[in-house]
Amino acid sequence: MGKGRSVRLYLAEGSATGILTAEIVNWTGHTLAAPRTRLDAALKRDELKRTGVYILYGDSSGGDLPAVYIGEGDDISARLRSHAISEDKDYWDRFVAVTSKDMNLTKAHVKYLEGRLISLLKDARKCDLRNKTEPSFDRLPEADISDMESFLEELQLILPVIGVEFLRKPQVSHSAPTAPEQAQVTFIVRHHTKGINAHAVEIDGEFVVLAGSTGSLNTAPSFNDKLKLLRDQALESERAVKIDASTFRLLQDISFSSPSAAAVFLFGTSRNGRTDWLVEGQTTTYAAWQDAKISAS
């Protein structure tokens, strides 16, 4: 388990749907998120007149994945004004601006961050990336690259807090545990008739179904709409591929909020994942395993 962190959120307009700023204590970065409808108010803020990177995102026409664009600028407000009147970027309805509280980010720094963010998005495969090129800016001193990688780690931590999920990729550890109590438990679910054979682990409060797992493409009326969309997105982005007309295989780990959500995703119908998933090599259900863990604490 990682160390705890403090995140400071501020509703700049006193509304959860307006301008939001977010910072991690002892991090030099600063994020501002807002809907496009509040762009006029956001442009008046000092943060957007700084050097930084920004993310534009919204619904993608003709696909299930969100459309995303990454940019950088010496004055973010000027770039956002330009995008607001650009017809080829009419898809975005929200944006995030990332700057530095101490204003130490230079043009070279943000060019590096822009390229790294685009690379991470391509690797995560959870969006329709609208950048036409993938800039590679490596003309930074070694010390600056190290600083920007640390900056990027903190940024990846705070973005999901403000609702930006398309950069996230489950971090499954394959290293040996340092103590018996830290050993990672693997869960399995199998249904030979439906072609389901899946493995999963719990990481940072999420239930992660591992790459190589197979699921059923058949669906029932009870198939949750949100999970159906997630499956469609996984197939569209090639994080999952069809094996045949009735089954699919994950090519990438996919995280879920619960074992039940993971089971529904694999079965295509309503399921109780707490009893579907078993501890690998045992007949212990997830529910019984969790109850025993709670009792032991």
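Before going into details, it helps to say that this report is about the structure given with it. Since the model is a prediction, treat every value here as computed from it, not as a measurement.

**A few points about the pairing of strand β5 (residues 67-73)**
- With seven of seven residues buried, β5 is to be regarded as a mostly interior element.
- Burial of β5 is two-sided: the residues A67, Y69, G71 and G73 facing one way and the residues V68, I70 and E72 facing the other way are all buried.
- The sheet contact formed by strand β4 (residues 52-58) and β5 spans seven bridges and is antiparallel. Within the sheet, the bridge partner assigned to G58 lies in β5 and is A67.
- Taken together, the two bridges between β5 and strand β7 (residues 128-129) define a ladder with parallel strand orientation. Paired with V68 across the two strands is L129, which belongs to β7.

**Observations concerning the side chain of H30**
- By the element assignment, H30 lies in strand β3 (residues 29-35).
- You can call H30 buried: its relative accessible area is 6%.
- At 2.9 Å, the side chain of H30 and the side chain of E23 are in polar contact.
- Residue contacts for H30: discarding those within four places in its chain leaves T21, A22, E23, E47, A97, V98, T99 and K101.

**What about the packing of helix α3 (residues 107-124) against helix α4 (residues 142-158)?**
- Axis separation between α3 and α4 bottoms out at 10 Å; the angle between their running directions is 50°. Viewed along their axes, α3 and α4 adopt a mutual orientation that is oblique. In terms of crossing hand, the pair formed by α3 and α4 is right-handed. Across the interface between the two elements, H109, Y112, L113, R116, L117 and L120 from α3 touch D144, I145, M148, E149, F151, L152, L155 and Q156 from α4.
- Classifying every residue of the contact of α3 with α4 gives nine nonpolar, two polar and three charged.

**As for the pattern of salt bridges**
- Scanning the entire structure with this criterion turns up 14 salt bridges.
- The partner of R8 in a salt bridge is E23, and the shortest N-O contact between them spans 3.9 Å. Linking R8 in strand β1 (residues 7-11) with E23 in strand β2 (residues 20-24), this pair joins segments that are 15 residues apart in sequence.
- With a relative accessible area of 52%, R8 lands in the exposed category.

**Things to note about the sheet that holds β3**
- Taken together, seven strands build an open sheet; the order of strands is β1-β2-β3-β6-β4-β5-β7 and the sheet is mixed. Either end of the sheet is taken by a strand with one partner, and the two such strands are β1 and β7.
- Running at roughly 25° to β4, helix α2 (residues 76-84) makes contact with β4, β5 and β6 (94-100) of the sheet.
- This element, α4, spans β1, β2, β3 and β6 of the sheet and lies at about 130° to β2.

Thresholds applied
Residues numbered from 1 in each chain as written. Predicted model: local features only at pLDDT ≥ 70, side-chain atom pairs only at ≥ 80, totals over all residues. Heavy atoms only, no water. Buried < 20%, exposed > 50% of the residue type's maximum accessible area, 1.4 Å probe, protein only. Helix = DSSP H or I, 4+ residues; strand = E, 2+ residues; numbered from the N terminus. Pairing = 2+ DSSP bridges. Polar contact = N/O pair within 3.5 Å; in protein donor to acceptor, adjacent residues only side chain to side chain. Contact = heavy atoms within 4.5 Å. Axes fitted to C-alpha atoms, helices over the stretch in contact; angles between N-to-C directions. Parallel < 35°, antiparallel > 145°, perpendicular 65-115°, else oblique. Left-handed = near helix turned anticlockwise from the far one by under 90°. Nonpolar A, V, L, I, M, F, W, Y, C, P; charged D, E, K, R; others polar. Salt bridge = Lys/Arg side-chain N within 4 Å of Asp/Glu carboxyl O.

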